[in-house]
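# Notes for the structure review
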Amino acid sequence: MPEGDTVWLAAKRMHTALAGATLRRGELRVPQLAATDLAGRTVSEVVPRGKHMLTRFTDGWTLRTHYRMDGSWHIYRHGSRWRGGPAFSIRAILATDQWDCVGYRLHDVAMVRTAHEDQVVGHLGPDVLGPDWDLDEALRRLRAHPDEQIGVAILDQRNLCGPGNLYKVEGLFVCGVHPWMRVADVEDLPGLVERTRSLMLANRDRPEQSTTGDLRRGRDHWVYGRKDRPCYRCGTPILRGDQGPDLQERITYWCPTCQATDASVDPAARTGEPDHPPPLTSAS
């Protein structure tokens, strides 16, 4: 699933292509909006809100789109071939004289009055990448459900919006927090939230997502996607399991030593910064 940093970067690129321009073509290929023609409207700005993208027009309307698991926006120079997938997967087209912005497999496509955007994004918590980020409010929302598993709470966009599964598991690992720990039992909840946010900030200006500082494949994440491989900090094999409510489970990765809940585990194995991943070699 695209994370908040992916949407942030896409919105930045869409804003560069569309802001101030008048659409020569504007189609929404979803049943409830099939008759809506956006041609002739001028785009004022494109902004992200967590995992939602808001394309605002000067006439006081906003197009809201959401990626969910497989959606994406692609930007092409006018006249170039579109390569984001089959034509039947296109859900939106916003085209100017210079650029074609094509939305593939988009979900939750809606048109709302800009003044009423709260109808579609008002339930969201503070945006970790937004200009109005509010740590205290995010903490208040998290602590309102002290018995919730922290791995579930971090993904709940009503608490803080933007983090997805990748940043959830990576933030928990770096901070030595077990995914199934109760929110109330997380010793440094502000530190966990801010560290998760810092990982996203470090990646928002590039398509690659690295939490280790190494962009090479196989060295870019501490635990995500590394089931049975040795932990970079202690060498213990990484575990994988499902977490979350029925029918909403998300795959979770963790190190049973560095993120142990047993107090008898050496605290030195669970605190501090993990070592940098070993360099790639021909034998690795």
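Placed above this text is the structure.
Residues numbered from 1 in each chain as written. Predicted model: local features only at pLDDT ≥ 70, side-chain atom pairs only at ≥ 80, totals over all residues. Heavy atoms only, no water.

### Digging into the packing of helix H5 (residues 165-174) against helix H6 (residues 189-203)
Angle between the axes and distance between the axes: these two values describe a pair of packed helices. The geometry of H5 relative to H6 is characterised by a closest axis approach of 9 Å and an angle of 125 degrees between their N-to-C directions. Judged by the angle between their axes, H5 and H6 are oblique. For the pair H5 and H6, the sense of crossing is right-handed. Contacts between H5 and H6 pair Tyr167, Glu170, Gly171, Leu172 and Val174 from the former with Leu192, Arg195, Thr196, Leu199, Met200 and Asn203 from the latter. Partitioned by chemical class, the residues of the contact of H5 with H6 number 6 nonpolar, 3 polar and 2 charged. (Axes fitted to C-alpha atoms, helices over the stretch in contact; angles between N-to-C directions. Helix = DSSP H or I, 4+ residues; strand = E, 2+ residues; numbered from the N terminus. Parallel < 35°, antiparallel > 145°, perpendicular 65-115°, else oblique. Left-handed = near helix turned anticlockwise from the far one by under 90°. Contact = heavy atoms within 4.5 Å. Nonpolar A, V, L, I, M, F, W, Y, C, P; charged D, E, K, R; others polar.)

### Section: the sheet that holds strand S7 (residues 99-104)
In space, the 4 strands of this open sheet follow the order S1-S6-S7-S5, with antiparallel pairing throughout. Each edge of the open sheet is held by one strand with a lone partner, namely strand S1 (25-28) and strand S5 (72-77). Each strand of the sheet is rotated relative to its neighbour by a mean of 20 degrees, with strand direction disregarded. As paired strands, S1 and strand S6 (residues 90-95) are joined by 4 bridges and run antiparallel to one another. Looking at the pairing, Arg25 lines up with Ala95 of S6. (Pairing = 2+ DSSP bridges.)

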